[in-house]
Number of protein chains: 2
Amino acid sequence: MTSTPPPLSSPPLTSTLPLTSTLPLTRIAVRPEPARPPARVAEILAAARDILEREGADALTMRRIGEVLGIRAPSLYKHLASKDALATGLAEVALAEVGEYLHRAVDEADAGAVVAALIGAYRGYALAHPNLYRMFTAGRLPRAALSSGLEQWAGEPFYRATGDPYRAQALWAATHGAVLLELEERYLPGSDLDRTYAALAEAFAA
Amino acid sequence: MTSTPPPLSSPPLTSTLPLTSTLPLTRIAVRPEPARPPARVAEILAAARDILEREGADALTMRRIGEVLGIRAPSLYKHLASKDALATGLAEVALAEVGEYLHRAVDEADAGAVVAALIGAYRGYALAHPNLYRMFTAGRLPRAALSSGLEQWAGEPFYRATGDPYRAQALWAATHGAVLLELEERYLPGSDLDRTYAALAEAFAA
DNA sequence: ACCCGGCGGCTAACGCTGTTAGCTGAAGGC
DNA sequence: GCCTTCAGCTAACAGCGTTAGCCGCCGGGT
């Protein structure tokens with residue numbers, strides 16, 4: 001673990017990586033220690049996630065969260081500084097989840113189809129948790145508040161699949177874009193999205 | 001103009017296009033007639049755009065728009081049904097603008113570097129108008145309210161650059177994702193984004 | 001045993017948002 | 001000259017995140 005991989009969100013300016021076909025399919029970075037919030041905060045986050053996933057982003061109000069917990073909205077501020085802090089907490093949870101999911105997808109993929117497997121896993125997670133995915137993806141969340149290293153670790157599978165930090169960033173961005181457009185239904189009904197994702201995988205499979 | 005190209009957002013399920021390297025670099029679809037809103041509505045849209053670009057999305061309030069126009073907020077509803085309708089109007093303007101910009105970029109590109117030129121133009125527009133770009137991109141805008149064909153026409157440059165509807169969709173999504181991540185500063189400072197975009201262009205240059 | 005501090009609830013309220021209802025003056029058509 | 005329509009206005013509502021200030025309860029220290 002002496003040589004850490006370039007983090008996804010900030011590759012080193014000079015790549016020291018060989019551009020050969022031998023990919024670093026083994027995991028490199030260690031999973032960062034997950035944040036362990038106080039019990040009541042964890043309950044609030046769980047309730048918030050529940051509301052977000054079941055009822056949508058518009059329903060995620062402080063008053064609604066309080067209602068679910070049998071509490072009035074202002075009492076939430078005894079545990080959380082702001083709604084943004086709550087969003088950050090949710091992002092932390094989702095980031096750890098999706099990171100684990102993507103790492104496992106790379107672990108289990110056939111060597112020849114890593115990129116396609118990764119894209120498929122990414123898409124699968126986003127479609128399974130659309131509102132949660134939008135939460136830690138869209139909008140500006142205060143990245144400084146996230147556990148250090150978590151974001152890099154979550155993005156590492158793209159580096160494992162491409163073997164190059166810039167291709168990793170590009171593939172991550174591309175997959176993110178495709179998933180976002182799908183979530184927001186910007187493709188007219190009838191589009192064969194499988195073929196679009198296949199085209200994306202093909203472009204990065206070289 | 002008898003054979004229209006497959007629209008970007010909904011390619012035909014069976015592609016009738018040759019996958020050769022001869023790209024349809026000429027423009028195919030005609031630019032749809034731009035919507036011509038009543039004069040006062042156009043003034044409101046102009047003021048809204050001004051506020052959005054100069055002061056950010058949070059400042060784009062009905063009261064603020066009224067203030068700029070020397071009007072009270074409720075009076076805006078004599079011209080617009082809702083704030084969503086206003087957002088739709090802005091999206092229409094931006095879509096026409098970016099479409100024209102991208103088409104021209106493809107027009108003027110060297111034959112061997114169309115994809116890179118297109119990506120560069122897309123990135124350039126988004127960076128020049130970040131808040132406007134987010135407006136018609138993020139969030140859910142009622143696509144039914146947009147001028148029919150406008151969105152397809154605006155996306156056509158990606159088809160012109162790739163020659164295949166699915167690669168076009170994938171490239172569009174990928175560029176969109178990369179630009180979004182850049183706008184939301186999800187790359188840590190110090191990242192050489194030019195290289196990331198280059199990697200993206202390279203993947204689609206085949 | 002008592003006090004005392006803090007935790008975690010509560011109500012009331014503020015300023016902001018989009019939006020509606022209802023009034024009014026001015027302009028234009030018959 | 002009247003009457004309709006347009007385009008402004010004020011007042012107000014519900015809902016949002018958030019703050020201030022109050023209070024009961026529970027645990028620890030002396």
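Residues numbered from 1 in each chain as written. Chains lettered and ligands numbered in written order. Predicted model: local features only at pLDDT ≥ 70, side-chain atom pairs only at ≥ 80, totals over all residues. Heavy atoms only, no water.

K.L.:
Any details on the overall build of chain A? Residues and values, ideally.
P.N.:
Along its length, chain A carries 8 helices and 0 strands. For chain A, the α and β elements follow one another from N to C terminus as α-α-α-α-α-α-α-α. Nonlocal contacts in chain A, meaning residues at least 24 apart in sequence, comprise 76% of its contacts between residues at least 6 apart. On chain A, roughly 9,700 Å² of surface is accessible, and the fraction owed to carbon and sulfur atoms is 55%. (Helix = DSSP H or I, 4+ residues; strand = E, 2+ residues; numbered from the N terminus. Contact = heavy atoms within 4.5 Å. Areas by Shrake-Rupley, 256 points an atom, 1.4 Å probe, with all protein chains shown as cover.)

K.L.:
So what's going on with the pattern of salt bridges? Residues and values would help.
P.N.:
Residue and element names in this part refer to chain A. Summed over the entire model, instances satisfying the criterion amount to 21 salt bridges over all chains. For Glu97, the salt bridge is made with Arg49, and the minimal N-O distance between the two is 2.6 Å. Of this pair, Glu97 sits in helix α3 (residues 83–108) while Arg49 is found in helix α1 (residues 39–55), placing the two residues 48 residues apart along the sequence. Take Glu97: its relative accessible area is 30%, and that puts it in the partly exposed class. (Salt bridge = Lys/Arg side-chain N within 4 Å of Asp/Glu carboxyl O. Buried < 20%, exposed > 50% of the residue type's maximum accessible area, 1.4 Å probe, protein only.)

K.L.:
Give a detailed account of the protein's contact with DNA strand C, specifying residues and quantitative values.
P.N.:
Taken together, 17 residues sit near DNA strand C, with A:Arg40, A:Ile71, A:Arg72, B:Thr61 and B:Tyr77 positioned nearest. Of everything in DNA strand C that lies within 4 Å of the protein, sugar and phosphate atoms constitute 56%. A distance of 3.0 Å separates a base oxygen of DNA strand C from a polar atom in the side chain of A:Lys78. A distance of 3.2 Å separates a phosphate oxygen of DNA strand C from a polar atom in the side chain of B:Thr61. (Near = heavy atom within 4 Å. Polar contact = N/O pair within 3.5 Å; in protein donor to acceptor, adjacent residues only side chain to side chain.)

K.L.:
Quick one: what's the story with helix α2 (residues 62–69) of chain B, residue by residue and with numbers?
P.N.:
Residue and element names in this part refer to chain B. Buried within α2 are the following residues: Met62, Ile65 and Gly66. Burial along α2 is one-sided: seen end-on, the buried residues are contained in an arc of 100°. Every exposed residue of α2 that faces more than 90 degrees away from the buried side is listed here: Arg63 and Glu67. Structurally, α2 contributes buried residues whose contacts are with α1 (39–55) and α3 (83–108). Looking at the residues trailing α2, positive phi occurs at Gly70, about 70°. (Arc of directions from axis to C-beta.)

K.L.:
Mind laying out α1(A), listing which residues take part and the relevant values?
P.N.:
Residue and element names in this part refer to chain A. Here α1 contains 17 residues, and its C-alpha end-to-end distance of 24 Å stays within 8% of the 24 Å for a straight helix at 1.5 Å per residue. Here α1 has its buried residues at Val41, Ile44, Leu45, Ala47, Ala48, Arg49, Ile51 and Leu52. Buried-residue contacts for α1 involve α2 (62–69), α3, α4 (114–128) and α5 (130–137). Just past α1, the residue Gly56 takes up positive phi, approximately 95°. (Expected span 1.5 Å × (residues − 1).)

K.L.:
Summarise the protein's contact with DNA strand D; cite the residues concerned and give the values.
P.N.:
Around DNA strand D, a shell composed of 17 residues is seen, among which A:Tyr77, A:Lys83, B:Arg40, B:Arg72 and B:His79 lie nearest. Within 4 Å of the protein, atoms of DNA strand D come from sugar and phosphate in 53% of cases. A distance of 2.6 Å is found between a phosphate oxygen of DNA strand D and a side-chain nitrogen or oxygen belonging to B:His79. Considered class by class, the residues forming the surface near DNA strand D number 6 nonpolar, 5 polar and 6 charged. (Nonpolar A, V, L, I, M, F, W, Y, C, P; charged D, E, K, R; others polar.)

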